[in-house]
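Read off the chains here:
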Amino acid sequence: MNISEILNHLGEDREQYFNAISPPIIQSSNFAFPNLHQFRTAFADELNQHVYSRGNNPTVEILRKKLAALEGTEDALVFSSGAGAIAAAVIGNVQTGDHIICQQAPYSWTSALLRKFLARFGVEHTFVDGTDLRNIEAAYRPNTKVLYLESPNTMTFECQDLAACATWAKAKGVVTMIDNSYSSPLYQQPATFGIDIVLHSGTKYLNGHSDVVVGVLCASKEMVRKLFESELMTLGGILSPHDAALVIRGLRTLPLRLQRSDASARWILDKLDDHPKVERVWYPFHHQFEQLELAQKQMGGCGGLFSVQFKTDSPEKMEAFIHRLKRFLMAVSWGGHESLIIPTIGFYHIPGRENPTIPWTFCRFYIGLEEPEWLWEDLEQAMEVL
Ligand SMILES: *Cc1c(COP(=O)(O)O)cnc(C)c1O
């Protein structure tokens, strides 16, 4: 389906609500039935009917339809956070004694889900370098039930070959899932490569305004129904109708925002290429990127996230650089209107957060919707102290 059709019309039934352009926020926990027949019909299909808003809600449903269409899957669920969507997908596909293969550097709380949470329930896991399918094959055990991918991930942007992973997993009866937050459905549609479940922190690009925390899960009708009936309904991590309306609004401008971030990031990366204080950069479509060919094969673009390793001899200079930046906010998350920096030197002193593969000279940047020239001015003046 055409992207404009999805973002402007799909799921919206304006005659139901006074021909309003902007869909109403149906702020209701429950729905009344005029007769027993309709009551029974609705109860038989809580996923698609309107019975109680923990299950389905008309405003949330509009969002679900748009997200499924964007990812090219049959159906979608939304959750109160990306972490909630990820947990539902993983938990819903394992039981005690099962084993999960996961790419080696997923989002931190995804890693915690496997290492801390699921380990308590006797679910095993192996983290592997997913840049080579042979590592995934070698980690396989007869009790492997899930292959968890994050391609690219969001610090160093390691990729997995989605088509090869999906083909291998299908032959083994292993369910594949991917955190697709980095690319958004506009730049990568994992279902087209055969991946079973596509997950998002919709907090990032999909909402895009740094004002909602939301999770997305896209999959087949059968998988969505299974996860709806257990993880969504029993754990109850749902999105409110009000937040759903904000995300619907955010989605309207997704292509514009993503193209702007992508173009500005590339413009700034070009400048960084020639800069004497830059050791190297990480960006999937950058000429220095080890997996450039694979990234270009399965992605349509990259967006606004990249990382830089700076050339400097002292942590004090690194700290001075960070304090001189005025137009980049120091904050976690990304995908909103505002440009951001996460300096690894900011969390290296916290036990458990040291990462031997990422040096203290490393910073992750997110380029938002500001003018790239204005951002570059700030970066350039700050780099003088390195
Ligand atoms: C932010 C993020 C998450 C977690 O999503 P929340 O909406 O914060 O729960 C998961 N994966 C990636 C790649 C993220 O950036």
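Predicted model only: the values in this text are computed from it and were never measured.

Engineer: Quick question: what am I supposed to make of empty space enclosed by the protein here?
Structural biologist: Rolled over the atoms, a probe as big as a water molecule pinpoints where empty space is left. By the definition in use, this model includes 1 cavity of 30 Å³ or more. Looking at the largest cavity, its volume works out to about 90 Å³. Forming the walls of the largest cavity are Ser 53, Arg 54, Gly 55, Asn 56, Asn 57, Val 60, Arg 64, Leu 77, Val 78, Leu 232, Ile 238 and Leu 239. Contributing elements (two or more residues each) for the lining of the largest cavity: helix H3 (58-71) and strand E1 (75-79). Taken together, the residues of the lining of the largest cavity sort by class into 6 nonpolar, 4 polar and 2 charged.

Engineer: Could you clarify how one ought to interpret the sheet that holds strand E3 (residues 124-128) in this entry?
Structural biologist: If you trace the 7 strands from one edge of the open sheet to the other, you get E1-E7-E6-E5-E4-E2-E3, paired in mixed fashion. The open sheet has two edge strands with one neighbour each: E1 and E3. Averaged over all pairs of adjacent strands, the angle between their axes in this sheet comes to 20 degrees, without regard to strand direction. Relative to strand E6 (residues 197-201), strand E5 (residues 175-179) runs parallel, the two sharing 3 bridges.

Engineer: I tried to follow the site of the ligand on my own but got confused; where do I start?
Structural biologist: Of all residues adjacent to the ligand, which total 15 residues, the nearest are Gly 82, Ala 83, Asp 179, Thr 203 and Lys 204. Contacts to the ligand include Asp 179, whose side-chain N or O atom sits 2.6 Å from a nitrogen atom. Contacts to the ligand include Trp 334, whose side-chain N or O atom sits 3.2 Å from an oxygen atom. In isolation the ligand exposes 380 Å². Once the protein is present, 90% of that is buried. A total of 3 residues in the shell around the ligand trace back to one element, the largest contributor, which is helix H4 (residues 82-91). Residue composition of the shell around the ligand, by class: 6 nonpolar, 6 polar and 3 charged.

Engineer: Is there a simple way to explain the layout of surface pockets in this structure?
Structural biologist: The volume enclosed by the second largest pocket comes to roughly 260 Å³. As for the second largest pocket, its lining consists of Gly 11, Asp 13, Gln 16, Tyr 17, Pro 24, Ile 26, Pro 58, Thr 59, Glu 61, Ile 62 and Lys 65. For the lining of the second largest pocket, the class distribution of residues is 5 nonpolar, 3 polar and 3 charged.

Engineer: In this structure, what is going on with helix H7 (residues 162-172)? I would like to understand it.
Structural biologist: Given 3.6 residues per turn, any residue in an α-helix points the same way as the ones three and four places further on. Listing the buried residues of H7 in full gives Leu 162, Cys 165, Ala 166, Trp 168 and Ala 169. Here the buried residues of H7 occupy an arc of 170 degrees about the axis, which is enough to place them on one side. The exposed residues of H7 that point more than 90 degrees off its buried face are Thr 167, Lys 170 and Ala 171. Elements that come into contact with the buried residues of H7 comprise strand E2 (99-103), helix H6 (133-139), strand E4 (144-150), E5 and helix H12 (292-298). Of the residues flanking the start of H7, the one acting as N-cap is Asp 161, its side-chain oxygen 3.3 Å from the backbone nitrogen of Ala 163. Gly 173 sits one or two residues past H7 and shows a positive phi near 75 degrees.

Engineer: So what exactly am I meant to see when it comes to the packing of helix H10 (residues 241-252) against helix H11 (residues 254-273) here?
Structural biologist: When two helices pack together, their arrangement is given by the angle between their axes and by how far apart the axes lie. Put simply, H10 and H11 touch, their axes get as near as 5 Å, and they point 60 degrees apart. Considered as vectors, H10 and H11 are oriented oblique to each other. Facing Gly 250, Leu 251 and Arg 252 of H10, the residues of H11 in contact are Leu 254, Pro 255 and Arg 257. Looking at the contact of H10 with H11 residue by residue, the class counts come to 3 nonpolar, 1 polar and 2 charged.

Engineer: Explain the nonpolar core here, please?
Structural biologist: Across soluble globular proteins, you tend to see nonpolar side chains buried next to one another. Counting residues in hydrophobic clusters, the biggest one holds 83 residues, and the most contacted among them are Leu 67, Leu 272, Phe 306, Phe 310, Phe 321, Phe 365 and Leu 379. Inspection of this core shows a minimum of three residues originating in each of domain 1 (3-252) and domain 2 (254-385). Of all hydrophobic cores here, the second largest spans 30 residues; its members include Ala 87, Val 146, Ile 197 and Leu 232.

Engineer: In this structure, what is going on with unusual backbone geometry? I would like to understand it.
Structural biologist: Note on backbone geometry: most residues besides glycine have negative phi, and most peptide bonds are trans. Look at the link from Ser 151 to Pro 152: it is a cis peptide, with omega at -10 degrees. Its identity is not glycine, yet Phe 157 carries a phi of approximately 65 degrees, on the positive side. In this structure, Phe 157 sits in the loop between E4 and H7. According to the relative accessible area criterion, Phe 157 is buried, its value standing at 0%.

Engineer: Sorry, what's going on with the pattern of salt bridges here?
Structural biologist: One side chain can pair with another of opposite charge once the charged atoms of both are near each other. What the rule picks out here adds up to 16 salt bridges. One network of salt bridges, in which partners are shared, links Glu 12, Arg 14, Lys 66 and Arg 252.

Engineer: Quick question: what am I supposed to make of the pairing of E4 here?
Structural biologist: Each regular strand shows side chains that alternate between the opposite faces of the sheet. The buried fraction of E4 is high, at 6 of 7 residues. In terms of strand pairing, E2 meets E4 through 4 bridges, oriented parallel. Residue pairing across strands places Cys 102 opposite Tyr 148, the latter belonging to E4. Judged from the 5 bridges that link them, E4 and E5 form a sheet pairing that is parallel. Bridge pairing links Val 146 to Val 175 in E5. Following the chain from E4 across H7 to the adjacent parallel E5, one finds a crossover that is right-handed.

Engineer: Explain the domain arrangement of the protein chain here, please?
Structural biologist: As a measure of interface size, the accessible area lost when the parts come together is often cited. Parsing the protein chain into structural domains produces domain 1 (3-252) and domain 2 (254-385). Opposite the 33 residues of domain 1 that make contact, domain 2 presents 36 residues. With both chains or domains summed, domain 1 and domain 2 bury close to 2900 Å², and 62% of this area falls on carbon and sulfur atoms. It is Met 155, Tyr 187 and Tyr 205 in domain 1 that bury the most area against domain 2; as a group they hold 30% of the surface buried on that side. The interface formed by domain 1 and domain 2 contains 1 salt bridge.

Calculation notes
- Residues numbered from 1 in each chain as written.
- Predicted model: local features only at pLDDT ≥ 70, side-chain atom pairs only at ≥ 80, totals over all residues.
- Heavy atoms only, no water.
- 1 Å grid on protein atoms, 1.4 Å probe; cavity = no way out; pocket = protein on both sides within 12 Å on 5 of 7 lines; lining within 4 Å.
- Points joined across faces, edges and corners; volume = space filled by probe spheres on them.
- Helix = DSSP H or I, 4+ residues; strand = E, 2+ residues; numbered from the N terminus.
- Nonpolar A, V, L, I, M, F, W, Y, C, P; charged D, E, K, R; others polar.
- Pairing = 2+ DSSP bridges.
- Axes fitted to C-alpha atoms, helices over the stretch in contact; angles between N-to-C directions.
- Near = heavy atom within 4 Å.
- Polar contact = N/O pair within 3.5 Å; in protein donor to acceptor, adjacent residues only side chain to side chain.
- Areas by Shrake-Rupley, 256 points an atom, 1.4 Å probe, with all protein chains shown as cover.
- Buried < 20%, exposed > 50% of the residue type's maximum accessible area, 1.4 Å probe, protein only.
- Arc of directions from axis to C-beta.
- Contact = heavy atoms within 4.5 Å.
- Parallel < 35°, antiparallel > 145°, perpendicular 65-115°, else oblique.
- Core = buried A, V, L, I, M, F, W, Y, C linked by side-chain atoms within 4.5 Å.
- Domains from an automatic or database assignment.
- Salt bridge = Lys/Arg side-chain N within 4 Å of Asp/Glu carboxyl O.
- Right-handed = clockwise from strand over helix to strand, strands pointing away.
- Buried area = accessible area lost by both parts, 1.4 Å probe.

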